[in-house]
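Observations on the model geometry
Given next are the chains, with one letter for each unit.
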Amino acid sequence: MKCKKCGEKASVNMRQHKLALCKEHYLEWMPEQTERFIKKYEMFARHEKILVAVSGGKDSLGLWDILTRLGYHADGLYLGLGINGGINYSHESQRLTEKFANQHGLKLHIVDIEKEYGQPIPVLSEISHRGHGKPCAVCGLAKRHEMNRIARDLGYDVLATGHNLDDEAAVLFGNTLSWSADFLLRQSPVLASTGGLARKVKPLCRFYEREMTAYCLARGIEYIYEECPFAEGSQSIYYKELLNKLETDRPGAKLTFYLRFLEARKSGGLFVEKDSKQAHLHPCAKCGQPTSAPELCSFCRTIEKAKEVMPTVTPT
Ligand code: Q46
Ligand code: ZN
Ligand code: ZN
């Protein structure tokens, strides 16, 4: 496989884009695409101050790296959750985040939940009896709360998170299975700031997880490979596995699923009664059946086309 830009040996092959690139051109392509998404979804402007939520994982460190390479003013925020498990997850993820910030001379804010609120997340979860034995509900709540607090208190314009396409498609899949209209209508690459909540953006929402892995490897970014120990057996991991099976058979299916959703949401086509659209129907010039096409209905057009190729086809 050869790089589409220079003809050298490709190191990344993106079947869904029918695009293979060498390492050098891949490292150019990722920030170019990110910039395109930032503009397309009107995430933020050049002069705005961005707070990147960093966890030490490939997505958030990759995002911080890309935004910095693009010349944006992006500082990091690391939340110490106090989650240890076998691999000492919080300790290791903080170490790698600090290492990245030091290597690149970037500003990193560290907020330790235990220091701030007296107990680490797992204990707060236990004593508050929320989340059926798993700390994720309290953890999610704390993360949203703290990210917003720091963004507001330190005067950041926008909060950026490293959610990638696999994350977004899994959330979308879950919300579609349960037809959670409110959640579906709120899922977006940009959430405008409202009533004291900071604007939230997801500049990586169109990149596959494996594209982020490839980016970090190519850039030599050291990140934490392990997931949080509480992520094991979660519903979102199960949905990701299902979507990966689909993607293997139909490359690009995940991206199409997400992008078509965004289009439908933008055009107001989600959960809107079709009645208003039916008003635009008129009779087909040939068969008289209702159609929204300008002259012939789709079926008559198909028959017309077939007739051109094979004159024995009978007209409607
Ligand atoms: S919510 Fe749950 Fe995550 Fe918090 S406790 Fe771990 S798995 S880190 S995305
Ligand atoms: Zn190349
Ligand atoms: Zn509060």
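The structure reproduced in this document is the subject of the present report.

Conventions adopted
- Residues numbered from 1 in each chain as written.
- Chains lettered and ligands numbered in written order.
- Predicted model: local features only at pLDDT ≥ 70, side-chain atom pairs only at ≥ 80, totals over all residues.
- Heavy atoms only, no water.
- Helix = DSSP H or I, 4+ residues; strand = E, 2+ residues; numbered from the N terminus.
- Buried < 20%, exposed > 50% of the residue type's maximum accessible area, 1.4 Å probe, protein only.
- Contact = heavy atoms within 4.5 Å.
- Areas by Shrake-Rupley, 256 points an atom, 1.4 Å probe, with all protein chains shown as cover.
- Lys, Arg positive; Asp, Glu negative; His and termini not counted.
- Charge placed at Lys NZ, Arg CZ, Asp CG, Glu CD.
- 1 Å grid on protein atoms, 1.4 Å probe; cavity = no way out; pocket = protein on both sides within 12 Å on 5 of 7 lines; lining within 4 Å.
- Points joined across faces, edges and corners; volume = space filled by probe spheres on them.
- Nonpolar A, V, L, I, M, F, W, Y, C, P; charged D, E, K, R; others polar.
- Donors = N, O, S within 2.8 Å, 3.2 Å for Na, K, Ca; no water.
- Tetrahedral: all angles 85-135°; square planar, octahedral: opposite > 155°, others 65-115°.
- Pairing = 2+ DSSP bridges.
- Axes fitted to C-alpha atoms, helices over the stretch in contact; angles between N-to-C directions.
- Parallel < 35°, antiparallel > 145°, perpendicular 65-115°, else oblique.
- Salt bridge = Lys/Arg side-chain N within 4 Å of Asp/Glu carboxyl O.
- Expected span 1.5 Å × (residues − 1).

Now for the overall build of the chain. Within the chain one finds 13 helices and 10 strands. Relative to its 316 residues, the chain shows a buried fraction of 44%. Residue pairs in contact within the chain that sit at least 24 positions apart in sequence constitute 63% of those at least 6 positions apart. A total of about 17,800 Å² of accessible surface is found on the chain, and carbon and sulfur atoms cover 53% of it. Here the chain contributes 44 positively and 38 negatively charged side chains, and the mean placements of these two sets differ by 5 Å.

Roughly 300 Å³ of internal volume is contained in the second largest pocket. As for the second largest pocket, its lining consists of Lys40, Tyr41, Glu42, Ser188, Pro189, Val190, Arg206, Leu259, Leu262, Glu263, Arg265 and Lys266. Top element by residues in the lining of the second largest pocket is helix α11 (residues 253–266). It accounts for 5 residues. Here the residues of the lining of the second largest pocket are counted per class, giving 5 nonpolar, 1 polar and 6 charged.

Before going further, it helps to spend a moment on the coordination of the zinc ion (ligand 2). Taken together, the protein donors to the zinc ion (ligand 2) comprise Cys3 (SG), Cys6 (SG), Cys22 (SG) and His25 (ND1), at separations of 2.1 to 2.3 Å. Given 4 donor atoms and angles of 99 to 114° at the metal, the environment of the zinc ion (ligand 2) is assigned as tetrahedral. Written as a sequence motif, the donor arrangement for the zinc ion (ligand 2) is C-x2-C-x15-C-x2-H. One end of the pair, Cys3, is in the segment before β1 (12–14); the other, Cys22, is in the loop between β2 (19–21) and α1 (23–40), with 19 residues separating them in the sequence. Classification of Cys22 by relative accessible area gives buried; the value is 7%.

By the secondary structure assignment, Gln187 is in the loop between α8 (181–186) and β7 (190–191). For Gln187, a relative accessible area of 5% translates into the label buried. In contact with Gln187, other than residues within four places in its own chain, are Glu168, Val171, Leu172, Asn175, Tyr258, Phe261, Leu262 and Arg265.

So, on to the sheet that holds strand β4 (residues 73–80). In spatial order, the strands read β5-β4-β3-β6-β8-β7; together these 6 strands make up an open sheet with mixed pairing. Only two strands of the sheet have a single partner each, and these edge strands are β5 (108–112) and β7. Sheet topology note: the strand β3 (residues 49–53)/β4 ladder contains 5 bridges and is parallel. Each bridged residue has a counterpart across the sheet, and for Ile50 the counterpart in β4 is Ala74. Strands in contact with helix α2 (residues 58–69) are β3, β4, β5 and β6 (158–160); relative to β3, the strand with the most contacts, it is inclined by about 160°. Strands β4 and β5 of the sheet are contacted by helix α3 (residues 89–104), whose axis makes an angle of about 165° with β5.

With that out of the way, let us pick up the packing of helix α7 (residues 165–177) against helix α10 (residues 235–249). In the contact formed by α7 and α10, the axes pass within 9 Å of each other and the chain directions differ by 100°. Compared by their axis directions, α7 and α10 come out roughly perpendicular. Contacts from Asp166, Asp167, Ala169, Ala170, Phe173, Gly174 and Leu177 of α7 reach α10 at Ser236, Tyr239, Lys240, Leu242, Leu243 and Asn244. When its residues are assigned to classes, the contact of α7 with α10 shows 7 nonpolar, 3 polar and 3 charged.

Counted according to the given criterion, the structure contains 16 salt bridges. With a shortest N-O distance of 3.5 Å, Asp59 and Lys58 are connected by a salt bridge. Side by side, Asp59 and Lys58 carry an identical accessibility label, which is buried. Salt-bridge contacts for Asp153 lead to Arg152; the nearest nitrogen and oxygen are separated by 3.1 Å. Under the relative-accessibility criterion, Asp153 is labelled partly exposed at 47%. A single network of salt bridges, built from pairs that share partners, joins Glu35, Lys39 and Arg46.

With that settled, the discussion passes to the side chain of Asp75. Along the polypeptide, Asp75 turns up in strand β4. No salt bridge is formed by the buried Asp75; its nearest oppositely charged neighbour, Lys107, is found at 4.7 Å. Setting aside chain neighbours within four positions, we find Asp75 in contact with Ile50, Leu51, Val52, Trp64, Lys107, His109 and Tyr156.

Here the focus is α2. Each α-helix winds once per 3.6 residues, and so residues spaced three or four apart point in a common direction. Its 12 residues give α2 an end-to-end C-alpha distance of 16 Å, which sits within 8% of 16 Å, the value for a rise of 1.5 Å per residue. When α2 is considered as a whole, its buried residues turn out to be Lys58, Asp59, Ser60, Leu61, Gly62, Leu63, Trp64, Asp65, Ile66 and Leu67. At the exit of α2 stands Gly71, carrying a positive phi of roughly 90°.

Keep in mind these numbers describe shape, not what the thing actually does.
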